[in-house]
Amino acid sequence: MTLTVLNVAYPLAPVGPDAVGGAEQVLSMLDRALVRTGHRSIVVGCRGSSASGTLVETPAESGVLDEAAKSRAQQAHRDAIAAARASWPIDVVHLHGIDFDAYLPDDGPTLVTLHLPLDWYPAEALRPTRDDLWLHAVSAAQQKTAPSGARLAAPIPNGVDIEALSLPLAKRDFALVLSRICPEKGIHLALDAAKQAGVPLVVGGKVYPYETHARYFRDEVQPRLDGRRRFLGPLGFTAKRRFLNAARCLVIPSLAAETSSLVAMEALACGTPVVAFPNGALPDVIEHGRTGFLVNTIDEMAQAIIAASSLDPETCRAEARRRFSLERMISSYMDAYQALARLGTDAGRLAVTP
């Protein structure tokens, strides 16, 4: 069955191959896969987005991203979704934003990917009452945190494009952080650990214009930067690939329960071990002492940054190929799209787990 799928991004973050956030990257990979396999892909995203299929662009908010800006962006998304559904015979709507309930269509086959910790979503949003509205997690670890009464389909684990990420680069003596710059990502802890280890650290990421994010960068990150600890801003795919392949390790100092960590998978695909706090799904991604180190303190993080060069890059790459296949992720989404589309013609049902 040839499908028309409407993927809807978070209203305040552009999507495309160079997107910073994991949710935006997954959406972009699905958009490319739909076009490549002969389906019609339509993407709703804010100005600055790009798509392989048809882009339905909404205005980009300027200035501080406060509640008023968020409300305007959500209304623009509601209008864009309605316009897209009126213009094309949409088989499946696929929502990716944490605020999906603010612009959720009232009817029609709809898939929601819960990219973020489940306790960040309103509990009632995780209890769909429609047979044609399916919600799913991106890892088994995330699924286990579902609140009482949540109705989620089986998880669809993330994957990465291992072949596209790989480059034949020699390792260099620096550690790397790739992340949104915000308090829950703990960037300041990686800066402290790298300084203690005596290893240069490169931070790539975006400071979104939320007041708390800007204050965190100003008060906690910027004062820790120096000649050996640098902030480069957002890195597009080409630059990200180069840094990931050359780094001695990727550091993930996140204080949040990571639901999957696409960037950890990308690092392993590049033969780069990962040093991280064991939050959320990270213990399922990293094999301690083999593809990285799971640490509990800044002291342990500093020691692990030093020890990372002792781990075998080929072991990291082999594990990425075995466990984090992009093709497996795409196939799972295509199966979900096909099953949901059949619901639209009363041809099937999906069993959900309580």
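Rules used throughout
- Residues numbered from 1 in each chain as written.
- Predicted model: local features only at pLDDT ≥ 70, side-chain atom pairs only at ≥ 80, totals over all residues.
- Heavy atoms only, no water.
- Core = buried A, V, L, I, M, F, W, Y, C linked by side-chain atoms within 4.5 Å.
- Buried < 20%, exposed > 50% of the residue type's maximum accessible area, 1.4 Å probe, protein only.
- Helix = DSSP H or I, 4+ residues; strand = E, 2+ residues; numbered from the N terminus.
- Contact = heavy atoms within 4.5 Å.
- 1 Å grid on protein atoms, 1.4 Å probe; cavity = no way out; pocket = protein on both sides within 12 Å on 5 of 7 lines; lining within 4 Å.
- Points joined across faces, edges and corners; volume = space filled by probe spheres on them.
- Nonpolar A, V, L, I, M, F, W, Y, C, P; charged D, E, K, R; others polar.
- Pairing = 2+ DSSP bridges.
- Salt bridge = Lys/Arg side-chain N within 4 Å of Asp/Glu carboxyl O.
- Disulfide = S-S within 2.5 Å.
- Axes fitted to C-alpha atoms, helices over the stretch in contact; angles between N-to-C directions.
- pLDDT = per-residue confidence, 0-100.
- Arc of directions from axis to C-beta.

Within the largest apolar cluster, 54 residues are counted, with the highest numbers of intra-cluster contacts made by L176, L250, V274 and Y337. At eleven residues, helix 12 (residues 326-343) tops the list of elements feeding residues into this core. Other than its neighbours up to four places away in sequence, Y337 contacts L3, V5, N7, L30, L34, V92, H94 and L111. If you look at the next biggest cluster of nonpolar residues, it comprises 28 residues, including A175, V177, L201 and M301.

Its boundaries defined by the atoms lining it, the second largest pocket holds a volume of some 250 Å³. Residue assignment for the lining of the second largest pocket shows that the elements contributing at least two residues are helix 3 (140-143), helix 9 (282-285) and helix 12. Here the lining of the second largest pocket takes three residues from helix 12, the largest share from any one element. For the lining of the second largest pocket, the residue count by class is nine nonpolar, six polar and three charged.

The next point concerns the pairing of strand 4 (residues 92-95). The two faces of strand 4 match: V92 and H94 on one face and V93 and L95 on the other face are all buried. Looking at chain direction, strand 1 (residues 4-8) and strand 4 are connected through four bridges and run parallel. Of the residues in strand 4, the one forming a bridge with N7 is H94. Two elements, strand 4 and strand 5 (residues 110-113), share three bridges in a ladder whose sense is parallel. The residue bridging L95 from the neighbouring strand is V112, located in strand 5.

We now examine the pattern of salt bridges. On inspection of all chains with the given rule, the structure shows 16 salt bridges. Here E258 ties to K185 by a salt bridge, and the two come within 2.8 Å at their closest N and O atoms. Pair noted here: E258 is in the loop between strand 10 (249-252) and helix 8 (262-269) and K185 is in the loop between strand 7 (175-178) and helix 5 (187-197), with a separation of 73 residues, a long-range link. When its relative accessible area of 15% is taken as the criterion, K185 is described as buried. With a shortest N-O distance of 2.9 Å, E266 and K240 are connected by a salt bridge. Linking E266 in helix 8 with K240 in helix 7 (residues 237-246), this pair joins segments that are 26 residues apart in sequence. Judged by its relative accessible area of 5%, E266 falls in the buried class. Assessed through its relative accessible area of 7%, K240 is described here as buried.

A few words on the state of the cysteines. In this structure the tally under the stated criterion is zero disulfides. Cysteine C270 remains unbridged, with the sulfur of C316 as its closest cysteine sulfur at 10 Å.

Pairing is parallel in the open sheet, where six strands are placed in the order 3-2-1-4-5-6. Only two strands of the sheet have a single partner each, and these edge strands are strand 3 (54-58) and strand 6 (133-136). Strand-to-strand twist in this sheet, taken as the mean axis angle between neighbours without regard to direction, amounts to 20°. For strand 2 (residues 40-46) and strand 3, the ladder comprises five bridges, and the chain directions are parallel. Its bridge partner lying in strand 3, V43 is registered against L55.

Attention shifts here to the confidence of the model for the chain. Summing up the model confidence of the chain, the mean pLDDT is 95 and the portion of residues at 70 or higher is 97%. Throughout residues 347-354 the model reports pLDDT below 50, and contacts reaching past four residues in sequence, or to other chains, amount to 14 contacts.

Let us now look at helix 6 (residues 211-221). When helix 6 is considered as a whole, its buried residues turn out to be H213, Y216, F217 and V221. Seen along its axis, helix 6 keeps its buried residues to an arc of 95°; they face one direction.

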